[in-house]
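Secondary and tertiary structure notes
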Amino acid sequence: QVQLVESGGGLVQAGGSLRLSCVASGSIFSIRTMGWYRQAPGKQRELVAVKANSGGTNYADSVKDRFTISRDNAKNTVYLQMNSLKPEDTAVYYCAARLFTTLGGMTDYWGQGTQVTVSS
């Protein structure tokens, strides 16, 4: 079993900042990628940012230059620093990890989500 637990969401005014954290635990052999997705009401879940074990990153165009993803591989943790937040960033943010478990095989896992609300 693998669990992803997010923290750090909340309510912030436009222009403000938040930092999300996600810790992966359980039967983990190695993590290939960790990242963040978000889903706003009535919209599909979309990629926000992802960071590979190699260090490569990928950001949604809408968050480039405002959000920064980082990882602490020793702690199986991924962070998302969100600056200059806009009301359109309001969504449930989900942590995701693509990893190998101790039982073998590569699988995608998701956290339960954390709400981010940006007021205008």
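The structure reproduced in this document is the subject of the present report. (Residues numbered from 1 in each chain as written. Predicted model: local features only at pLDDT ≥ 70, side-chain atom pairs only at ≥ 80, totals over all residues. Heavy atoms only, no water.)

Let's talk about the state of the cysteines
For the coordinates displayed, the defined rule picks out one disulfide. The disulfide partner of cysteine 22 is cysteine 95, and the S-S distance across this bridge is 2.1 Å. The sign of the S-S torsion, about -80 degrees, decides the handedness of the disulfide formed by cysteine 22 and cysteine 95: left-handed. Of this pair, cysteine 22 sits in strand β3 (residues 18-26) while cysteine 95 sits in strand β9 (residues 91-101), and the two are 73 residues apart along the sequence. (Disulfide = S-S within 2.5 Å. Helix = DSSP H or I, 4+ residues; strand = E, 2+ residues; numbered from the N terminus.)

Things to note about the side chain of glutamate 6
Mapping glutamate 6 onto the fold places it in strand β1 (residues 2-7). Within the buried core, glutamate 6 has no salt-bridge partner, and the shortest N-O distance to an opposite charge, that of arginine 45, equals 7.8 Å. At a separation of 3.1 Å, a polar atom in the side chain of glutamate 6 contacts the main-chain amide nitrogen of glutamine 112. Within the local environment of glutamate 6, its side chain forms a polar contact with the backbone nitrogen of glycine 113, the two atoms lying 2.9 Å apart. Aside from chain neighbours lying at most four places away, what touches glutamate 6 is Ser21, Cys22, Trp36, Tyr93, Tyr94, Cys95, Gly111, Gln112, Gly113 and Thr114. (Buried < 20%, exposed > 50% of the residue type's maximum accessible area, 1.4 Å probe, protein only. Lys, Arg positive; Asp, Glu negative; His and termini not counted. Salt bridge = Lys/Arg side-chain N within 4 Å of Asp/Glu carboxyl O. Polar contact = N/O pair within 3.5 Å; in protein donor to acceptor, adjacent residues only side chain to side chain. Contact = heavy atoms within 4.5 Å.)

Section: the sheet that holds strand β7 (residues 67-72)
Read across the open sheet, the four strands follow the order β1-β3-β8-β7; overall the sheet is antiparallel. This sheet does not close on itself; its edge strands, each paired only once, are β1 and β7. Adjacent strand axes in the sheet meet at a mean angle of 15 degrees, parallel and antiparallel pairs treated alike. Summarising the sheet, β7 and strand β8 (residues 77-82) pair through six bridges and their orientation is antiparallel. Paired with aspartate 72 across the bridge in β8 is threonine 77. (Pairing = 2+ DSSP bridges. Axes fitted to C-alpha atoms, helices over the stretch in contact; angles between N-to-C directions.)

A short note on the packing of aromatic side chains
For the coordinates displayed, the defined rule picks out one aromatic pair. The lysine or arginine in question, arginine 19, covers the ring of tyrosine 79, its NZ or CZ lying 4.1 Å from the ring centre. Seen from the ring of tyrosine 94, arginine 45 lies directly overhead, with NZ or CZ sitting 3.7 Å from the centre. (Phe/Tyr/Trp six-rings, centres within 6.5 Å; stacked < 30°, edge-to-face > 60°. Lys NZ or Arg CZ within 6 Å of the ring centre and 35° of its normal.)

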